[in-house]
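Survey of secondary and tertiary structure
The chain contents come next:
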Amino acid sequence: MNKNIVLCGVGGQGTVLASKLIASAAMKKDIPVMSAETIGMAQRGGSVFSHIRMGEGLYTPMIAKGSADIIIGFEPGETVRMLPYLKDGGQIIVSRRAIMPVTAALSDTPYDGGDMIAYLKAHTRKLLVVDTEQACQEIGSVRVLNLLLLGAAVQSGALGLDEEDLKTAIRERVPEKFHELNFRALSYMREHYI
Amino acid sequence: MHKEFLMGNEAIALGAVTAGVNLVSGYPGTPSSEVLETAAKHRDDTTYVEWSVNEKSALEVAAGAAYAGARSLVTMKQVGLNVASDPLMSLAYIGVKGGMVVLVADDPGPVSSQTEQDTRHYSAFSKLPCFDPTSAQEAYEMIQEAFTYSETYGTPVFFRPTTRVCHGYASIMVKDPSEYTRHCPEGFRKDTARWVIFPRLSYQNHIKIEERNVRLAEDFSSYKRNRIFPEAKETPIPAGKPQKRGIAAGGISFTYAMETLEQIGMVRLLKVATPHPFPEKLALEFLGGLDEVLCIEELDPVIERELTYLCGKHHLPTKIYGKLTHHVPNAGENTQDSVRTNIMSFLGYQPPGQAQTGSSSSDGRLSDHVDTPPVLPVRPPVLCAGCPHRASFYAVKTAMKGQKTIFCGDIGCYTLGNAMPLDMVDTCLCMGAGLGIAQGVGHIEPDTVCFAFVGDSTFFASAIPGVVNAVYNQADMTLVVLDNSTTAMTGHQPHPGTGHTMMGNIVDKIDIEAVLRGIGLKIVETADPLDLSAAAACVRRVAGEPGVKAIIFKSPCIAVTNPDGKMKIDSGKCIRCKKCIRELGCPALIMTDGNIGIDASLCTGCGLCSQLCPVSAIIPSGTAVCTADRPEASKGGSHE
């Protein structure tokens with residue numbers, strides 16, 4: 001099984017832990033895995049991405065355009081930015097909540113995540129928009145954004161991993177006091193997956 | 001052996017630990033910082049690890065250890081090597097006893113750097129060998145081999161990963177601790193003819209180095225990581241192009257080239273793992289019978305020049321293409337896609353995409369009317385919500401309004417003070433340069449009020465000589481030290497002002513104010529930048545004095561402290577003037593449907609915005625709001 005996964009969002013949203021969890025889950029299944037992520041200045045509120053690749057015969061952690069099986073977007077605009085990486089028939093999971101950049105707030109430039117979602121809808125057949133704000137409210141924590149999106153990715157089947165794989169990774173990588181909260185995010189997405 | 005999922009930098013550190021490294025020193029700098037941090041985490045009781053005050057000190061410490069027979073590793077980013085170049089160039093003549101690896105991480109792009117300089121040139125310039133890994137797994141093994149080469153030839157060696165190798169992760173095979181090499185240093189043996197550099201010794205050693213590098217080039221031709229990949233039996237070069245073509249690559253670009261060639265069919269490929277001394281014999285074998293070669297590498301055309309030189313030297317008819325011939329971009333980083341395009345067009349394939357452009361009918365998969373993507377938000381990196389640097393810059397800006405000023409910035413998070421709306425960084429050059437630039441401008445334009453901003457880590461690393469220079473030469477300027485008690489941009493490393501070391505020791509803090517007073521500054525004030533009116537008053541007072549004076553704005557980085565609480569908008573009072581947004585540019589201040597709001601997930605409760613709000617509408621989140629008829633603030637739910 002070869003999978004190319006792109007995670008994208010804004011610095012500080014938790015893409016790094018999400019990519020670690022995916023990698024960890026793949027490791028457990030003895031699937032070779034490589035990844036790459038933005039580190040440095042862009043982590044201060046800039047656009048960030050992670051590339052994750054699983055499978056045999058890989059040379060590089062970087063994904064070529066048009067070859068991602070799935071894009072997990074933490075922010076609508078950032079997902080549009082990464083759209084060229086999606087392969088034909090690839091899956092997109094995206095959080096509905098837009099993050100207004102400081103530059104837009106300053107210049108009164110309207111930035112509407114709705115436009116971005118509409119664009120994604122027009123350009124992909126397999127799109128799942130997750131109402132993360134609603135979900136976070138129901139779960140009672142804003143810190144589960146990454147697990148909600150991973151949960152949706154699992155349900156879509158495009159990740160090549162199941163809920164149990166991710167739970168194992170969480171047990172390994174996340175402090176115990178957060179396990180229940182993270183599990184709840186995964187099961188929330190199982191129950192609310194359309 | 002066991003498998004671990006490691007970042008390239010972690011793999012390098014683990015490789016060094018596996019090779020029995022006795023001492024690791026360095027100065028933080030993206031993309032190199034995780035090497036030393038990982039070495040510190042995995043070190044045994046006999047290994048010494050330190051964040052040095054700058055790269056020059058780090059290299060000297062590592063050299064001393066290698067003089068004493070230890071295996072030492074020094075880490076830095078490419079621009080750090082400029083700082084360490086003085087000891088490096090001389091050390092090249094003296095050599096070492098224990099193995100010494102100089103790790104310099106290059107940053108094509110550049111992603112997080114001032115320059116796109118190529119350490120392979122430093123390698124040729126200093127005549128020191130250079131190892132250039134292509135992946136995390138190779139880096140793990142290669143650094144162990146680098147120590148062996150260093151000891152065999154008695155010379156420090158360069159190890160030069162680039163950003164994508166440093167920060168790429170892979171599941172790789174590593175040794176168990178029981179398999180680690182234990183290296184016991186023999187100690188320093190006095191020998192002035194060996195360790196004291198004099199013109200005569202340099203002359204003699206220069207001769208030896210030139211001879212050695214001839215042997216090394218020969219040796220490297222059979223080093224397993226320099227290698228020729230054979231072409232496939234039937235390489236499907238498109239018809240009509242009968243030439244024999246090959247590709248030469250190094251670093252991460254090699255992995256991009258392999259991904260493409262595995263798909264379209266292998267051609268002869270030279271992988272260069274040691275760009276200096278160049279493995280000439282192997283390269284000649286590669287060139288034999290080829291008509292054309294494309295060189296794929298990042299930063300400068302080092303492999304390309306070597307191959308071009310070899311063709312001239314040996315009268316070969318092979319044409320060498322790359323950056324010099326504009327077949328490959330000569331700036332910025334390569335990507336899988338750019339390398340694929342370069343290779344396809346070199347081999348005579350139509351670049352991907354062009355074929356489709358030619359076809360007349362659309363596949364109808366996508367609707368046409370939405371083909372232009374909506375304007376994407378621009379997201380330059382910004383100072384974090386609650387960052388004390390924002391407060392410091394704002395205090396100076398407020399205090400100096402209407403005066404002719406220059407604000408000389410420096411390297412660190414606070415370079416981000418250049419962005420609108422703060423717009424408080426007029427110059428930024430390199431570590432510690434702001435002080436000198438402020439002085440130079442002041443000498444030419446005496447009517448300008450000159451400021452130099454420097455962070456605490458940068459202060460210790462390279463600003464102190466600039467202060468001495470200013471005092472000695474009677475400059476008129478204000479130094480503003482932005483002391484956030486950490487080295488924030490590179491991931492919160494300790495420094496001499498923090499009071500702890502990488503060995504876990506609690507040590508005396510070096511007091512910046514005492515240092516400045518020791519140099520001879522009469523006016524040094526320490527202030528809390530988050531107290532806006534007091535901070536601005538301090539700036540007015542200090543900047544108005546003649547000579548060299550300093551303000552230390554002391555407030556810890558929000559990433560190393562627990563936030564005090566959060567602020568909220570009393571929307572009954574808020575007149576929506578947007579002053580807070582317009583003047584501060586804090587990412588926690590947001591506009592939704594014409595209303596100002598505070599993103600509670602970002603706000604740290606620093607309170608800066610509440611101090612400039614003209615109607616006191618920004619209040620601590622615990623405070624009760626009296627007005628009953630405020631516009632809906634918390635109906636919750638979605639925006640749609």
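Residues numbered from 1 in each chain as written. Chains lettered and ligands numbered in written order. Predicted model: local features only at pLDDT ≥ 70, side-chain atom pairs only at ≥ 80, totals over all residues. Heavy atoms only, no water.

**Observations concerning the pattern of salt bridges**
Tallying each qualifying case throughout the model produces 39 salt bridges over all chains. Of the charged contacts in the structure, one is a salt bridge between glutamate 164 of chain A and arginine 171 of chain A, with a shortest N-O distance of 3.9 Å. On the accessibility criterion, arginine 171 of chain A (43% relative accessible area) is partly exposed. The salt bridge involving aspartate 44 of chain B is made with arginine 182 of chain B; its shortest N-O contact spans 2.5 Å. Here aspartate 44 of chain B is found in the loop between helix 2 (34-42) and strand 3 (48-51), whereas its partner arginine 182 of chain B is found in the loop between strand 8 (168-174) and helix 8 (192-195), with 138 residues between them in sequence. Using a relative accessible area of 28% as the deciding quantity, one classes aspartate 44 of chain B as partly exposed. (Salt bridge = Lys/Arg side-chain N within 4 Å of Asp/Glu carboxyl O. Buried < 20%, exposed > 50% of the residue type's maximum accessible area, 1.4 Å probe, protein only. Helix = DSSP H or I, 4+ residues; strand = E, 2+ residues; numbered from the N terminus.)

**Points about the domain arrangement of chain B**
By convention, interface size is frequently given as the accessible area that disappears when the constituent parts associate. All names here are of chain B. Segmenting chain B into domains produces domain 1 (2-221), domain 2 (227-347), domain 3 (388-561) and domain 4 (567-635). A C-alpha centroid distance of 33 Å is found between domain 1 and domain 3. The partner domain 3 presents 16 residues to the 17 residues of domain 1 that form the contact. Both sides together, the interface formed by domain 1 and domain 3 hides about 1,200 Å², and carbon and sulfur atoms give 62% of it. It is Tyr27, Trp51 and Gln114 that lose the most area in domain 1 upon contact with domain 3, and together they represent 37% of the buried surface on that side. Across the contact surface, domain 1 and domain 3 share zero salt bridges. Applying the counting rule to domain 1 against domain 3 returns three residue pairs in polar contact (both at pLDDT 80 or more). At the level of secondary structure, the elements contributing two or more residues to the side of domain 1 that touches domain 3 comprise helix 2 and strand 3. (Domains from an automatic or database assignment. Contact = heavy atoms within 4.5 Å. Buried area = accessible area lost by both parts, 1.4 Å probe. Polar contact = N/O pair within 3.5 Å; in protein donor to acceptor, adjacent residues only side chain to side chain.)

**Digging into the environment of threonine 501 of chain B**
Residue and element names in this part refer to chain B. Inspection of the secondary structure assignment puts threonine 501 in the loop between strand 16 (477-483) and helix 18 (512-519). Judged by relative accessible area, which is 28%, threonine 501 ranks as partly exposed. Sequence-wise, threonine 501 and cysteine 130 are 371 residues apart; in three dimensions their C-alpha atoms are separated by 30 Å.

**What to know about the packing of helix 5 (residues 132-139) of chain A against helix 8 (residues 179-192) of chain A**
Residues and elements named next belong to chain A. Packing of helix 5 against helix 8 brings their axes to within 11 Å, and their N-to-C directions diverge by 125 degrees. Classified by the angle their axes make, helix 5 and helix 8 are oblique. Between helix 5 and helix 8 lies a crossing whose hand is right-handed. Of the residues in helix 8, those in contact with Gln134, Ala135, Glu138 and Ile139 of helix 5 are Leu181, Arg184, Ala185, Tyr188 and His192. In the contact of helix 5 with helix 8, the residues fall into five nonpolar, two polar and two charged. (Axes fitted to C-alpha atoms, helices over the stretch in contact; angles between N-to-C directions. Parallel < 35°, antiparallel > 145°, perpendicular 65-115°, else oblique. Left-handed = near helix turned anticlockwise from the far one by under 90°. Nonpolar A, V, L, I, M, F, W, Y, C, P; charged D, E, K, R; others polar.)

**Quick notes on the sheet that holds strand 3 of chain B**
Residues and elements named next belong to chain B. Within the open sheet, the six strands sit side by side as 3-2-4-5-7-6. Their pairing is parallel. Looking at which strands have only one partner, the edges of the open sheet turn out to be strand 3 and strand 6 (130-131). Contacting strand 4 (72-77), strand 5 (100-105) and strand 7 (157-159), helix 4 (residues 78-94) crosses the sheet at an angle of about 140 degrees to strand 4. (Pairing = 2+ DSSP bridges.)

**Let's talk about the interface of chain B and chain A**
In this complex, chain B contributes 59 residues to the contact, which on the side of chain A involves 58 residues. Contact between chain B and chain A buries roughly 4,900 Å² in total, counting both sides, with carbon and sulfur atoms accounting for 60%. Two residues, arginine 379 of chain B and glutamate 78 of chain A, come together in a salt bridge whose shortest N-O distance is 2.5 Å. Joining chain B to chain A, the criterion identifies 15 residue pairs in polar contact (both at pLDDT 80 or more). Taken together, the residues of the side of chain B that touches chain A sort by class into 30 nonpolar, 15 polar and 14 charged. Sheet topology places strand 2 (residues 33-37) of chain A next to strand 8 of chain B; three bridges connect them, and they run antiparallel. Across the sheet, serine 35 of chain A pairs through a bridge with tyrosine 169 of chain B, a residue of strand 8 of chain B.

**What to know about helix 13 (residues 336-346) of chain B**
Judged by how many residues are buried, helix 13 of chain B sits mostly within the fold: eight of eleven residues are covered. Among the residues of helix 13 of chain B, those classed as buried are Gln336, Asp337, Ser338, Val339, Asn342, Ile343, Met344 and Phe346 of chain B. Those residues of helix 13 of chain B that are buried are in contact with strand 3 (47-54) of chain A together with strand 10 (245-249), helix 10 (252-264), strand 12 (292-296) and strand 13 (319-321) of chain B. Just beyond helix 13 of chain B, the residue with positive phi is glycine 348 of chain B, at close to 90 degrees.

**Thoughts on the sheet that holds strand 13 of chain B**
Residue and element names in this part refer to chain B. Spatial strand order, 9-11-10-12-13: five strands in an open sheet with mixed pairing. Taken across any chain shown, the strands that pair with only one partner, and hence form the sheet edges, are strand 9 (227-229) and strand 13. The mean inter-strand angle of the sheet, taken between neighbouring strand axes irrespective of direction, is 20 degrees. Sheet topology note: the strand 12/strand 13 ladder contains three bridges and is parallel. Bridge pairing links glutamate 292 to lysine 319 in strand 13.

**Structural notes on unusual backbone geometry**
Residues and elements named next belong to chain B. Cis peptide bonds are those with omega within 30 degrees of zero, and the linkage from threonine 30 to proline 31 qualifies with 10 degrees. Mapping proline 31 onto the fold places it in the loop between strand 2 (23-26) and helix 2. For the bond from histidine 276 to proline 277, the omega torsion is -15 degrees, close enough to zero to count as cis. Tracing the backbone shows proline 277 in the loop between strand 11 (268-271) and helix 11 (280-287). One non-glycine residue, histidine 326, lies in the positive phi region at around 65 degrees. Mapped onto the elements, histidine 326 comes out in the loop between strand 13 and helix 13. Not every positive phi belongs to a glycine, and serine 485 is a case in point at roughly 60 degrees.

**Focus: helix 16 (residues 433-444) of chain B**
All names here are of chain B. The terminal C-alpha atoms of helix 16 lie 17 Å apart, and with twelve residues this matches the ideal 16 Å at 1.5 Å per residue to within 8%. Where helix 16 is concerned, the buried positions are Ala433, Gly434, Leu435, Ala438, Gln439 and Gly442. Close packing links the buried residues of helix 16 with strand 14 (405-408), strand 15 (449-455), helix 17 (456-472) and strand 16. (Expected span 1.5 Å × (residues − 1).)

**Notes on the nonpolar core**
Phe451, Phe459, Met477, Leu479, Leu516 and Phe553 of chain B are the most contacted members of the largest nonpolar core, which totals 78 residues. Each of domain 3 (388-561) and domain 4 (567-635) of chain B gives at least three residues to this core. Residues within four places of leucine 516 of chain B in sequence aside, it is in contact with Phe459, Val467, Leu479, Leu521, Val524, Ala550 and Ile552 of chain B. One finds Ile5, Leu7, Ile93 and Ala135 of chain A within the second-largest nonpolar core, a separate group that totals 48 residues. (Core = buried A, V, L, I, M, F, W, Y, C linked by side-chain atoms within 4.5 Å.)

**Some thoughts on the environment of tyrosine 193 of chain A**
All names here are of chain A. In this fold, tyrosine 193 is placed in the segment after helix 8. A residue is classified by how much of its surface remains accessible, and tyrosine 193, at 29% relative accessible area, is partly exposed. The sequence separation of tyrosine 193 and isoleucine 5 amounts to 188 residues, and the corresponding C-alpha distance is 20 Å. Dropping the residues within four chain positions of it, tyrosine 193 is found in contact with Leu128, Ala152, Gln155 and Ser156.

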